[in-house]
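Each chain is listed here by its residues.
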Amino acid sequence: GAERRSKLKDKIASPLARNDTVGRKGKGIKRVPRKIKDFSGCLKGIGLQKMKLNRVIIHADGASLGNPGPAAIGATIKDEQGRLVASISQRIGTATNNQAEYRALIAALEKATKLGTSQANIYLDSELVVRQINGKYRVKRATLKPLYQRVKQLQSRLEGFTITHIPRQQNTEAHHLAALALR
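Since the structure is predicted, the reported quantities are computational estimates derived from the model, not experimental observations. (Residues numbered from 1 in each chain as written. Predicted model: local features only at pLDDT ≥ 70, side-chain atom pairs only at ≥ 80, totals over all residues. Heavy atoms only, no water.)

### Some details on the packing of helix α3 (residues 97-114) against helix α5 (residues 145-156)
With their axes 10 Å apart at the nearest point, α3 and α5 run at an angle of 20° to one another. Regarding the angle of α3 to α5, the classification is roughly parallel. Helix-helix and strand crossings are classified by hand; for α3 and α5 the assignment is left-handed. Between α3 and α5, the contacting residues are Gln99, Tyr102, Arg103, Leu105, Ile106, Leu109 and Glu110 on the first element and Leu147, Tyr148, Arg150, Val151 and Leu154 on the second. Partitioning the contact of α3 with α5 into residue classes produces eight nonpolar, one polar and three charged. (Axes fitted to C-alpha atoms, helices over the stretch in contact; angles between N-to-C directions. Helix = DSSP H or I, 4+ residues; strand = E, 2+ residues; numbered from the N terminus. Parallel < 35°, antiparallel > 145°, perpendicular 65-115°, else oblique. Left-handed = near helix turned anticlockwise from the far one by under 90°. Contact = heavy atoms within 4.5 Å. Nonpolar A, V, L, I, M, F, W, Y, C, P; charged D, E, K, R; others polar.)

### Re α3
Taking 1.5 Å per residue, 18 residues should reach 26 Å; α3 reaches 26 Å between its end C-alpha atoms and fits that length. Three or more residues of α3 are buried, namely Gln99, Ala100, Glu101, Tyr102, Ala104, Leu105, Ile106, Ala107, Ala108, Leu109, Lys111 and Ala112. The positive-phi residue at the C-terminal boundary of α3 is Gly116, with phi of around 90°. (Expected span 1.5 Å × (residues − 1). Buried < 20%, exposed > 50% of the residue type's maximum accessible area, 1.4 Å probe, protein only.)

### Describing the side chain of Ser118
Note on placement: Ser118 falls in the loop between α3 and β7 (119-124). Separated by 3.1 Å, the side chain of Ser118 and the backbone oxygen of Asn54 make a polar contact. In this structure Ser118 touches Leu53, Asn54, Leu158, Glu159 and Gly160, once residues within four positions along its chain are discounted. (Polar contact = N/O pair within 3.5 Å; in protein donor to acceptor, adjacent residues only side chain to side chain.)

### Focus on the nonpolar core
Judged by nonpolar contacts, the single largest core of 37 residues is most densely connected at Ile58, Leu105, Leu109 and Ile122. If you list the elements that add at least two residues to this core, you get β4 (55-64), β5 (69-78), β6 (84-95), α3, β7, α4 (127-133), α5 and β8 (160-165). In terms of residue count, the dominant contributor to this core is α3 (nine residues). Those residues in contact with Leu109 that lie beyond four places of it in its chain are Ile58, Ile122, Val151, Leu154, Leu158 and Phe161. Grouped together as the second largest cluster of nonpolar side chains are five residues, Ala63, Ala72, Ala178 and Ala181 included. (Core = buried A, V, L, I, M, F, W, Y, C linked by side-chain atoms within 4.5 Å.)

### Thoughts on the pairing of β5
Two faces make up the sheet, and in a regular strand the side chains alternate between them. Here β5 lies mainly inside the structure; nine of its 10 residues are buried. In this structure, the hairpin formed by β4 and β5 is closed by a connection of four residues, where Gly66 is found at a positive phi of approximately 100°. Pairing of β5 with β6, which is carried by 10 bridges, proceeds in the antiparallel orientation. Bridged to Gly69 within β6 is Ala95. Count of turn residues in the β5/β6 antiparallel hairpin: five residues, of which Gly82 carries a positive phi of about 85°. (Pairing = 2+ DSSP bridges.)

Shown next, in the form of structure tokens:
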């Protein structure tokens, strides 16, 4: 239960996040927040806060218990050197799995644009979403059309944008963040 969650949180939390401790006095429970975590403030002490992020690497995942059912999103945003800049782990209410995948992508792109990035390399384990964004599949479902349009709107704000389908095994950090939010 709680011990397993704590180990999982430690596994996916960056070294910058491990300075954030919460819990009862003397317990020092480490946590990954349930919402968006921005580590740019931590970069201030090492002189990186004013540096504009040129390119970010995003891994995003959505999860739904049932289709539709309770859903959550998870994402990591890393700089070009692979350092975690922000993470997302958040419940989104009731949604289908595809809606959750889109919402994870949207949340990550919104956060990346707020961080000032001009280019994004995105990795998802949802083949449907990747093929729809790349124009290989049409968006047929009415519930996905506004989500697709929002992604395209965010994409237009970036100078460079790639989205790639990866196997689920290569998307474990984002998957774990989504799963944590569902608990």
